[in-house]
Structure formats: structure tokens, C-alpha cells
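One-letter residues, chain by chain:
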Amino acid sequence: MSASNSSSPSFLSRSGTPLKDFVHDIMKHFKHEKESEAHQIFRERAGHKPKGIVPETVNPDEETVPGIEHPGSTGVIYCSDRAMANGFNYHNAHEWANLGQGAPEVGPIPDAPDRPDSVSLPVGSLEYAPTTGVKALREAVASLYNHMYRQGKASQYTYENVCIVPGGRSGLSRVAAVVSDVYCSYQIPDYTAYDQVLSAFKRLVPVPTALDPKHKYRLDIEQTKRDIRTQGLSVIIASNPRNPTGQVIAGKDLKELVSLSKEGTTLILDEFYSWYIYHDHDKELGKSVSSAAYIDDVDVDSVVIIDGLTKNWRLPGWRVCWVIGPKNLITALSQSGSFLDGGANHPLQLAAIPLLDPGHVAAEKLALQKHFRMKRDHVLKRLRGMHLDVDIPPQATFYVWLNLEKLPAPINNGLTFFEELLKEKTIVIPGIFFDINPSHRRNLFNSPCHHFVRLSFGPPLEELDRGLDAIERVVKIARKEGTKQFGHSYKKSLDSASDHHI
């Protein structure tokens, strides 16, 4: 230690460099998660420790109830909990910018039909609904899909092809519960909840495919066909439109993907963003995308569609969704639903029926596509102004898959960038949550998603700008003043936050 002109002592490393600068220099060259505070906070969370270590052991501090094992949290849950450790709560949410949660704004938007503001409660609706859902709603879903995607086709959906479920994750869980011991193909990056589904349902043996950003994360159908033949893939699970990259499989590519169902493979397609398509020409506005348009026989082709009111109707709080597929699948889902979730909310199922009227849907789709295209363009323009160019702009969804590699270390990785934004009251989702890695074996620094964050432009424009202002502040400081203040001093728990109200 040497004396300095200031009253505080300056600590030196063995080389004579001030210790603070020495530590900062190490941080700039992080190569392993053990060297990063943000990554260690992530690993300390129950269910997030690396697996596959020999000998495999159970952490007695983490697993205190015999026979119980934490599955790990989804990205949104982890990020919300970390935000709460930094003072976020649902009373001060208006002071924050939540660009993390995958939810659209739920209020009025220009030219859209009025928002639902009341729900009728007839006495019959106070009873349990069937585990497959109210028949009238199932009929409305089948009719809507026939109207939008199957006009002129001999094979038409009926209510027997539809199962109503209490949310998309419930739909995924019901489907996973009835799948036998199979090889299941999935892609990286993709929807964060697939990680937990593939971890919890052990009969699904996960087989990953890393999508190449050089090819705009396009799924190679020919390679998939070869994988089906050589690896014996029985199930393929994928989001379309694609979460988090904002890309979409459409037209000929989607037709070829659906054709895989004729090769002894079941396709499980998460189509929650099927209306969020940003067309190049206004004359195409109002068009949506679904594999339902390319199915030959709705009871023979093994294509499973999961969708609902959550995103397209902008009603995430209703938890009314559906699974569409062959009749034999629906009877199996009725059985798995009886022990998994018991069924969707009865009164809200009844309230949903008029919302599926084709005229109402057409007006919703048109307004949604115009409004969210405007927000997408606004976000991309602001990011360009910060010299944060988006390599692959979104064609669909309401997400921007932002590459941070050109930023100075340590904020050039998603977890550290996320932690720094929490200090600015802004939430994003680190890219590693979309690295579907059920075994949790990989060093996080080796993840293909490590240098990314997902930004949602689902929230209202005012909230988007608050978040973008925060991103701009962090980036400006890093570029003008250096990054010594980044990568450390993170609040680790609710106990260390100044506001404990959740």
C-alpha cells in the first residue's frame, strides 16, 4: 500500500498497478463464468447450477425437501426476481421500463375494437368446465381456423380438433405429458420455457440444432429431413413466428416443414405470434401465418398447433389458449389435463367466444400489425442512433434480438448488460435463457446466445422510450468514460434492496 494525496488509500497489485485498475483489466478479459459477478449470481439461483459433473451430487443447501429438485426458472421469472432485488415492485412499476416480459400492451390501440371491460357470470359458468374446454369456444376456434386458413379444403377442423387450455405453458405441458419415449428436436435459440419442459418431462430426449445467424436463423428443412432419418427424430418442437429472433417460417418453407409430419414425425408448433407479421406492402396488412394452411388432413397429419388469446388478442391475463390437432391427440390431452391443470377458467371461456368472430379478428389483426410495426421501426431507429445496429431485424413477433458483441467488455454479454440496466430501472432478458440447454452443462461464456439480449417492444411507446433512454445512458458511459463502474457491485437478494414491497 502506498500513500496518495487523497485521504483514501490506494491499493496496488504486485505489478504496481492500482488494484481497482488491475481488477478492471481482468474483467475486460473474462473467458469463464466463474470470473463474472453477474454470472455467479445466476448460478447461485436454485436450479441454475451446472449439471453433468461427476460425481453428480445434490446441494444440501438448495434441495432441502427429500426427492424435490429445482427445475430452474424461465428467463422472465429470473429477471423479474432480480429486478425486485433492485427495488422493482408492482406499486412502482410505472417508474421502470419492462422490456423483458413477453407481453403485449393490453390497452386501446388506434383503430382496434374496444377492449373487453366486463365478464358475465351466469350460474352455469360457476361450475367446472370440461378439461377440453367449453364446446362453443372449441367450435369458435375451429371455425376461425377454417375461415382464415382452410377455405376450399376438403378436410376441416371441428370442435373435436380443439382443446382449450389455461395458458400456452399448460398446453405445452399437456402435450409433453402424453408424448412417449422419443427423440425430440429443438432449435437454439428458441422460447425459454422449452428448457424447463425438456428438463421436467424426461421421456423427451432432447436433440439440439443450433441455428446459424449467417443464414438469419433459418431452419434447414433438408437437414432436418436427414436428421429424422439418421437420428430417428419423432418430435420437433419450435416457435413460429420465432421467439426470440423475430423471424418467421412462411410460404414454401412452412409448407415443407408441415410435410415432415408425413415422415413419421410429430410437429409441435407454438404459433402465439402468428398475427405479428410486418409486411413490406400495405396491401398485405391483415394476413397472418399458420401451419394450418398447409395441413392436408386435420386428423391424419401429425401437426400440433398451440395458440390463444395471450398475444394476438392482447389478453395475457385471461389465460385462455388452445391446442389444435388430430382428434386422437385431443382425447389424450383431456386425460393429461385432468391431472395437470384441471382446465381453463369457465366464465372467461364464454367471454372469449365473440372475440373469435371473423369480423372482429380482421379488425384486431389490421390494427395490431400497423401499431406494432410502428413501434418496431421506432425501436430500430433509436438503436441505430446509438450505433447498436440490429444484425437481423424482426420480421415478426415483438422482439429485437440484439447483439452486444461490439460493445466494450464487460457489458458485451447479456447477463452483465442486464444487471447494469437494472441499476437504470430497466429490464431486458439475457440471451442465455434462449439457449435451450436442459442439461445445464455448458460454460455460459460458450453459449451462442451469450452476447445477446432480447428486447420486447410489446409495452406502450412511452415505456419503450424510458427503456431505450436507459440503454443509451449505459452505452454512452461505456464509450465516453470507460467501463470501470460496470461488472460489479450488484444487489444479490431482496434483503439487500431498499424497498421490500413486492
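Description of the structure in this document. (Residues numbered from 1 in each chain as written. Predicted model: local features only at pLDDT ≥ 70, side-chain atom pairs only at ≥ 80, totals over all residues. Heavy atoms only, no water.)

Some points on the overall build of the protein
Logical step 1: When its secondary structure is counted, the protein shows 13 helices and 12 strands.
Logical step 2: Across the 502 residues that make up the protein, the buried fraction comes to 54%.
Logical step 3: Looking at the protein alone, contacts between residues at least 24 apart form 77% of all its contacts between residues at least 6 apart. (Helix = DSSP H or I, 4+ residues; strand = E, 2+ residues; numbered from the N terminus. Buried < 20%, exposed > 50% of the residue type's maximum accessible area, 1.4 Å probe, protein only. Contact = heavy atoms within 4.5 Å.)

A look at unusual backbone geometry
Logical step 1: Put simply, asparagine 240 and proline 241 share a cis peptide bond, and its omega is 0 degrees.
Logical step 2: Note that proline 241 resides in the loop between β5 (233-239) and α8 (251-259).
Logical step 3: Residue alanine 409 is joined to proline 410 through a cis peptide bond whose omega torsion reads 5 degrees.
Logical step 4: Along the polypeptide, proline 410 turns up in the loop between β9 (399-403) and α12 (414-422).
Logical step 5: Phi at lysine 425 takes a positive value of approximately 60 degrees, unusual for a residue other than glycine.
Logical step 6: As for its placement among the helices and strands, lysine 425 is situated in the loop between α12 and β10 (426-427).
Logical step 7: A relative accessible area of 36% means that lysine 425 is categorised as partly exposed.

Observations regarding the packing of aromatic side chains
Logical step 1: Within the structure shown, the criterion is met by 21 aromatic pairs.
Logical step 2: Centroid distance tyrosine 273 to tyrosine 276: 6.3 Å. Interplanar angle 65 degrees. Geometry classified as edge-to-face. Take tyrosine 273 and tyrosine 276: they sit in the same class, and that class is buried.
Logical step 3: Centroid distance tryptophan 313 to tryptophan 322: 5.6 Å. Interplanar angle 80 degrees. Geometry classified as edge-to-face.
Logical step 4: Judged by relative accessible area, which is 2%, tryptophan 313 ranks as buried.
Logical step 5: Three or more aromatic residues joined by ring pairs make a cluster, and in this case those are Tyr273, Tyr276, Phe372, Phe398 and Tyr399. (Phe/Tyr/Trp six-rings, centres within 6.5 Å; stacked < 30°, edge-to-face > 60°.)

A few points about the pattern of salt bridges
Logical step 1: Under the criterion given, the structure shown has 19 salt bridges.
Logical step 2: In this structure, arginine 242 and aspartate 190 form a salt bridge, with 3.5 Å as the shortest nitrogen-oxygen distance. Placement of the pair is arginine 242 in the loop between β5 and α8 and aspartate 190 in the loop between β3 (182-188) and α6 (193-200), with a sequence separation of 52 residues.
Logical step 3: Judged by its relative accessible area of 4%, arginine 242 is buried.
Logical step 4: Taking relative accessible area as the criterion, aspartate 190 reaches 0% and is therefore assigned buried.
Logical step 5: Measuring nitrogen to oxygen at the nearest pair gives 3.0 Å for the salt bridge that ties aspartate 282 to arginine 373. Of this pair, aspartate 282 sits in the loop between β6 (266-270) and β7 (303-308) while arginine 373 sits in helix α11 (residues 358-385), and the two are 91 residues apart along the sequence.
Logical step 6: For arginine 373, a relative accessible area of 17% translates into the label buried.
Logical step 7: A single salt-bridge network, built from bridges that share partners, covers Arg382, Asp465, Asp469, Glu472 and Lys476. (Salt bridge = Lys/Arg side-chain N within 4 Å of Asp/Glu carboxyl O.)

With respect to the sheet that holds strand β2 (residues 162-165)
Logical step 1: Across the sheet, 7 strands lie side by side as β2-β8-β7-β6-β5-β3-β4; this open sheet has mixed pairing. At either margin of the open sheet sits one strand with a lone partner, and together these are β2 and β4 (204-210). Adjacent strand axes in the sheet meet at a mean angle of 20 degrees, parallel and antiparallel pairs treated alike.
Logical step 2: Pairing of β2 with strand β8 (residues 321-324), which is carried by 4 bridges, proceeds in the antiparallel orientation. When the sheet's bridge partners are listed, valine 165 is paired in β8 with cysteine 321. (Pairing = 2+ DSSP bridges. Axes fitted to C-alpha atoms, helices over the stretch in contact; angles between N-to-C directions.)

Observations concerning the sheet that holds β9
Logical step 1: The 3 strands are arranged β9-β12-β11 in an open sheet whose pairing can be described as antiparallel. The outermost strands of the open sheet, each flanked by one partner alone, are β9 and β11 (429-430).
Logical step 2: Sheet analysis places β9 next to strand β12 (residues 452-456), joined by 5 bridges and oriented antiparallel. Each bridged residue has a counterpart across the sheet, and for tyrosine 399 the counterpart in β12 is serine 456.

Thoughts on the nonpolar core
Logical step 1: In terms of nonpolar packing, the biggest core is built from 137 residues, with Trp313, Trp322, Leu356 and Leu383 touching the most fellow members.
Logical step 2: Excluding its chain neighbours within four sequence positions, the residues that come into contact with leucine 356 are Leu137, Ala140, Val141, Leu144, Leu309, Trp313, Trp322 and Val361. (Core = buried A, V, L, I, M, F, W, Y, C linked by side-chain atoms within 4.5 Å.)

As for helix α9 (residues 327-340)
Logical step 1: Taking 1.5 Å of rise per residue, the 14 residues of α9 would be expected to cover 20 Å, and the 20 Å separating its terminal C-alpha atoms lies within 8% of that figure.
Logical step 2: Among the residues of α9, Leu329, Ile330, Leu333, Ser336 and Gly337 are the ones counted as buried. End-on view of α9: buried residues confined to an arc of 125 degrees, all on one side of the axis. Among the exposed residues of α9, those oriented more than 90 degrees off its buried face are Asn328, Gln335, Ser338 and Phe339.
Logical step 3: Lining the buried residues of α9 we find α4 (135-149), β2, α5 (168-177), β7 and β8.
Logical step 4: In the stretch just after α9, glycine 342 is the one whose phi turns positive, near 80 degrees. (Expected span 1.5 Å × (residues − 1). Arc of directions from axis to C-beta.)

A word on α8
One turn of an α-helix holds 3.6 residues; hence residues three or four places apart share an orientation.
Logical step 1: Within the sequence span of α8, burial applies to Leu254, Leu257 and Val258. Buried residues of α8 fall within an arc of 100 degrees about the axis and therefore sit on the same side. Of the residues in α8, the exposed ones pointing more than 90 degrees away from the buried face are Lys252 and Lys255.
Logical step 2: Lining the buried residues of α8 we find α7 (221-231), β6 and β7.

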